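The primary structure of each chain is shown beneath.
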Amino acid sequence: KQEVTQIPAALSVPEGENLVLNCSFTDSAIYNLQWFRQDPGKGLTSLLLIQSSQREQTSGRLNASLDKSSGRSTLYIAASQPGDSATYLCAVQLSRGSNFGNEKLTFGTGTRLTIIP
Amino acid sequence: KAGVTQTPRYLIKTRGQQVTLSCSPISGHRSVSWYQQTPGQGLQFLFEYFSETQRNKGNFPGRFSGRQFSNSRSEMNVSTLELGDSALYLCASSLAFVADSPLHFGNGTRLTVT
């Protein structure tokens, strides 16, 4: 059974600092990994999707890396801003599905990030 | 382009009642997934529909059911509500296969069972 872990559960950093969020998964046979952010009381916003054949993806100040062999992914946020405060979740898809179905995503429990102005 | 729309936003029910939640996906998206989010269990997959067919189902009891209409809109039904069903229910849509396109989530329906 795939398990996804995110440590730490909460993180506070001063504005302007660079930071790294961690995600680990137990089954390395993943098809892809996604990073999401969730604001209080809201749904999830997709940030980055990394296919299993890729090593990293970048979007603006965000960079996500994937190391399948070690079962780890990191989300790097450069020059953090108060607006980056949110809960960040990673999710893995184990396989594409024999009938090209939408296999479920397995989510981590998230890291609650607070950027201090 | 309108995002994923879930209605209602908040719902209060009592034990034993049933409830129906609605989800309208992004225009053109044919895959709709449902997730339950609780503080203790985090996000858990309920089921996924594509072209009116349930393709995948999570480990939830039969009290949880769903359906998808020809316009890709989806409904989720929970019968005989229990206190433990209190949660944020999130709907997500994607173009076809999650592997090829990211999920787009709605803001959820907050269900409280008393």
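Residues numbered from 1 in each chain as written. Chains lettered and ligands numbered in written order. Predicted model: local features only at pLDDT ≥ 70, side-chain atom pairs only at ≥ 80, totals over all residues. Heavy atoms only, no water.

Caption draft 1: Structural context of the interface of chain B and chain A. Contacts between the two partners involve 23 residues from chain B and, on the opposite side, 22 residues from chain A. Contact between chain B and chain A buries roughly 1,900 Å² in total, counting both sides, with carbon and sulfur atoms accounting for 53%. Linking chain B with chain A are 0 salt bridges, by the criterion used here. Applying the counting rule to chain B against chain A returns 4 residue pairs in polar contact (both at pLDDT 80 or more). For the side of chain B that touches chain A, the elements supplying multiple residues, two or more each, are β4 (31-38), β5 (42-50), β6 (53-57) and β9 (87-94) of chain B. (Contact = heavy atoms within 4.5 Å. Buried area = accessible area lost by both parts, 1.4 Å probe. Salt bridge = Lys/Arg side-chain N within 4 Å of Asp/Glu carboxyl O. Polar contact = N/O pair within 3.5 Å; in protein donor to acceptor, adjacent residues only side chain to side chain. Helix = DSSP H or I, 4+ residues; strand = E, 2+ residues; numbered from the N terminus.)

Caption draft 2: A look at the sheet that holds strand β7 (residues 64-68) of chain B. Residue and element names in this part refer to chain B. Read from one edge of the open sheet, 4 strands run β1-β3-β8-β7, paired in antiparallel fashion. At either margin of the open sheet sits one strand with a lone partner, and together these are β1 (5-7) and β7. Across the sheet, the mean angle from the axis of one strand to that of its neighbour is 20°, orientation sign disregarded. In this structure, β7 lies alongside strand β8 (residues 74-78), joined through 5 bridges in antiparallel fashion. Following the sheet pairing, Gly 66 is matched in β8 by Met 76. (Pairing = 2+ DSSP bridges. Axes fitted to C-alpha atoms, helices over the stretch in contact; angles between N-to-C directions.)

Caption draft 3: The arrangement of the pattern of salt bridges in detail. In this structure the tally under the stated criterion is 7 salt bridges over all chains. When the shortest N-O distance is used, the salt bridge between Asp 84 of chain A and Arg 61 of chain A registers 2.8 Å. Taken together, the residues span a long stretch of sequence, with Asp 84 of chain A in the loop between β8 (72-77) and β9 (86-93) and Arg 61 of chain A in the loop between β6 (56-59) and β7 (62-67) at a distance of 23 residues. What makes Asp 84 of chain A buried here is its relative accessible area of 7%. Classification of Arg 61 of chain A as partly exposed rests on a relative accessible area of 28%. Among the salt bridges present, the one from Arg 67 of chain B reaches Glu 75 of chain B, with a minimum N-O distance of 3.2 Å. (Buried < 20%, exposed > 50% of the residue type's maximum accessible area, 1.4 Å probe, protein only.)

Caption draft 4: Examining the sheet that holds strand β1 (residues 4-5) of chain A more closely. Residues and elements named next belong to chain A. Strand order in the open sheet formed by 5 strands is β1-β3-β8-β7-β6, and the pairing between neighbours is antiparallel. Sheet topology places β1 and β6 at the edges, where each strand pairs with a single neighbour. Where β7 meets β8, 6 bridges bridge the pair, whose relative direction is antiparallel. Bridge pairing links Asp 67 to Arg 72 in β8.

Caption draft 5: View of the layout of surface pockets. Roughly 590 Å³ of internal volume is contained in the largest pocket. If you go around the largest pocket, you meet 24 residues; those closest to its centre are Lys 1, Gln 2, Lys 104 and Thr 106 of chain A together with Gln 44 of chain B. Elements with a minimum of two residues in the lining of the largest pocket: β9 and β10 (105-107) of chain A together with β5 of chain B. Considering each element in turn, the lining of the largest pocket owes the most residues, 4 residues, to β5 of chain B. Among the residues forming the lining of the largest pocket, the class breakdown is 8 nonpolar, 12 polar and 4 charged. Here the second largest pocket is characterised by a volume of approximately 500 Å³. (1 Å grid on protein atoms, 1.4 Å probe; cavity = no way out; pocket = protein on both sides within 12 Å on 5 of 7 lines; lining within 4 Å. Points joined across faces, edges and corners; volume = space filled by probe spheres on them. Nonpolar A, V, L, I, M, F, W, Y, C, P; charged D, E, K, R; others polar.)

Caption draft 6: Representation of the packing of aromatic side chains within the structure. Using the criterion set out here, one finds 8 aromatic pairs over all chains in the structure. On the numbers, 5.5 Å between centres and 85° between planes, the contact of Phe 107 of chain A with Tyr 35 of chain B is edge-to-face. Of this pair, Phe 107 of chain A sits in strand β10 while Tyr 35 of chain B is found in strand β4, placing the two residues in two different chains. Residue Phe 107 of chain A is classed as buried on the basis of its relative accessible area, which comes to 8%. Within the aromatic cluster, the residues linked to one another by ring pairs are Phe 36 and Phe 107 of chain A together with Tyr 35, Phe 45 and Phe 105 of chain B. (Phe/Tyr/Trp six-rings, centres within 6.5 Å; stacked < 30°, edge-to-face > 60°.)

Limitation: the analysis is restricted to geometry and does not speak to function.
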